[in-house]
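Below, each chain spelled out in residue letters.
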Amino acid sequence: MANQMKKVDQYSVQQLLAPGDGNGSKTIKDKFTNVLGKRAPQFMTSLINVVNSNYDLKQCDSGSVIASALVAAALDLPINQNLGYMYIVPYKHRATPQMGYKGYIQLAQRSGQYKHLNAIPVYADEFKSWNPLTEEIDYQPNFHDRDAKDQPVGYLGYMELLNGFSKTVFWTRQQIDDHRKQFSKMSKGDKPKGVWADHFDAMALKTVLRNLLTKWGPMTVDIQTASDAEDGLYDHLDEERKDVTPQENQPSANALISSAVDSQKEKKAGEISDNSSKEQEELFEHGTIKPKEADK
């Protein structure tokens, strides 16, 4: 596997995704095609544009960029950095996938279990108090255009499921910043860097939504995958890991059920045959039937 990664890293992302079968690109393009189908070419073009527009991302090893993009592909999220669904972030010459708050909202919507889901910034002239135990917040919206220097004092998240369960969370700006310093690999330190520097409010809303969905919401496969990816638990180029897509020759659920039913039928028929033979043997022993009768 190390040799494979080394070989991949010898080429740029654009070379790996270029037409033709050279540079081992066919295998990589096949992975995107297996996940995205007909949308794969458009996604790969978007990936090339993202890399070409970011100097630091160009300096990252191509294997980590491809792996990060495959995470986004598996979650069916666009990687256009301006859309805010999924970011591919450079860090020490390696790329890593990072969810945006819109990405978490998208994954939650797909589950079909949410009636309401939202996260908003809260400003000083809107916020009075917050009780974390009863989740009661004294919040009076004061919506108007604000100056760039007018920073939120906190971030509020709310969800309600179709079954009636609801949850409200509130993080102060200081709590968000402390979380960034502790958990963000790309933006540790007192001053935000990278995505946190360019889109602090968006990343703060993402943090609140992630906490809300992973701690209190239904844990779907997509949300678990997104959360694991942000924790660095991903590597879709590692053949020893389970592929994110089913194999074409893998039996379907119906085929497995049909096979199981047939197996049960054969087993039952064998049991009936065995029971019939036993009964005949017992009748022979008691002289109830003669051999000629049994042959009929």
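Attention in this report is confined to the structure presented alongside it. (Residues numbered from 1 in each chain as written. Predicted model: local features only at pLDDT ≥ 70, side-chain atom pairs only at ≥ 80, totals over all residues. Heavy atoms only, no water.)

## Concerning the packing of aromatic side chains
Note the threshold: Here the aromatic set is Phe, Tyr and Trp, taking the six-membered ring for Trp, and pairing holds for ring centres within 6.5 Å; pairs whose planes are under 30 degrees apart are stacked, those over 60 apart are edge-to-face, and all others are tilted. A run of DSSP states H or I qualifies as a helix once it reaches four residues; a run of E qualifies as a strand once it reaches two. Both are numbered from the N-terminal end. Throughout this description, buried means an accessible area under 20% of the type-specific maximum (1.4 Å probe, protein chains only), exposed means over 50%, and partly exposed covers the range between.
All told, the structure shown has 4 aromatic pairs when counted by the stated rule. For the pair F127 and F170, a centre-to-centre distance of 4.8 Å together with 10° between the ring planes defines the contact as stacked. In this pair, F127 is assigned in strand β4 (residues 127-131) and F170 in strand β7 (residues 166-172), connecting sequence segments 43 residues apart. The class for F127 is partly exposed, based on a relative accessible area of 23%. Ring centres of W130 and F170 lie 6.0 Å apart, and the angle between their planes is 50°; this geometry places the pair in the tilted category. Within this pair, whereas W130 is found in strand β4, its partner F170 is found in strand β7, the two being separated by 40 residues in sequence. Classification of W130 as partly exposed rests on a relative accessible area of 22%.

## Notes on unusual backbone geometry
You will see that K92, though not glycine, has its phi angle at about 55°, which is positive. Checked against the element boundaries, K92 lands in the loop between β1 (86-91) and β2 (94-99). Owing to a relative accessible area of 65%, K92 belongs among the exposed residues under this scheme. Backbone geometry places E135, a non-glycine residue, at a positive phi of 60°. Examined against the element boundaries, E135 turns out to sit in the loop between β4 and β5 (136-139). Residue classification places E135 among the partly exposed positions, given a relative accessible area of 21%.

## Description of the side chain of T220
Stated precisely, the cut-off is as follows: We define a polar contact as two N or O atoms separated by no more than 3.5 Å, with the added condition that, inside protein, one atom must be a possible hydrogen donor and the other a possible acceptor, whereas residues neighbouring each other in sequence contribute only through side-chain atom pairs.
Within the fold, T220 resides in the loop between α10 (200-216) and α11 (221-230). Only 3.2 Å separates the side chain of T220 from the backbone nitrogen of I223, close enough to count as a polar contact.

## Digging into the pattern of salt bridges
The cut-off we apply is this: Any carboxyl oxygen of Asp or Glu that lies within 4 Å of a side-chain nitrogen of Lys or Arg is treated as forming a salt bridge with it.
Applying the stated criterion to the full structure yields 13 salt bridges. The salt bridge partner of D177 is R180, with a shortest N-O separation of 2.8 Å. Pair noted here: D177 and R180 are both in helix α8 (residues 173-183), with a separation of 3 residues, about one helical turn. Its relative accessible area of 0% is what places R180 among the buried residues. Between K206 and E230 there is a salt bridge; the shortest N-O distance is 2.8 Å. Of the two residues, K206 is situated in helix α10 and E230 in helix α11; the sequence distance between them amounts to 24 residues.

## Notes on helix α4 (residues 40-52)
For an α-helix the count is 3.6 residues per turn, leaving residues at separations of three or four pointing the same way. Put simply, the rule reads: An expected span of 1.5 Å times one less than the residue number is assigned to each helix. Throughout, the arc means that of the directions going from the helix axis to the C-beta atoms.
For α4, spanning 13 residues, the distance from its first C-alpha to its last is 18 Å, which sits close to the expected 18 Å at 1.5 Å a residue. Those residues of α4 not exposed but buried are A40, F43, M44, L47, I48, V50 and V51. One side of α4 holds all its buried residues, which, seen down the axis, span an arc of 160°.

## Notes on the packing of helix α7 (residues 101-111) against α11
What counts here: Axes here mean lines fitted to C-alpha atoms, for a helix over just the part in contact, with angles spanning 0 to 180 degrees between N-to-C directions. Put simply, angles under 35 degrees are roughly parallel, angles over 145 are roughly antiparallel, angles from 65 to 115 are roughly perpendicular, and the rest are oblique. Should any heavy atoms of two residues lie within 4.5 Å, those residues are counted as being in contact.
Remark: α7 packs on α11, axes separated minimally by 9 Å, with the N-to-C direction vectors making an angle of 155°. Taken together, the axes of α7 and α11 lie roughly antiparallel to each other. Touching Y104, L107, A108 and R110 of α7 are D222, I223, A226, S227 and E230, all from α11.

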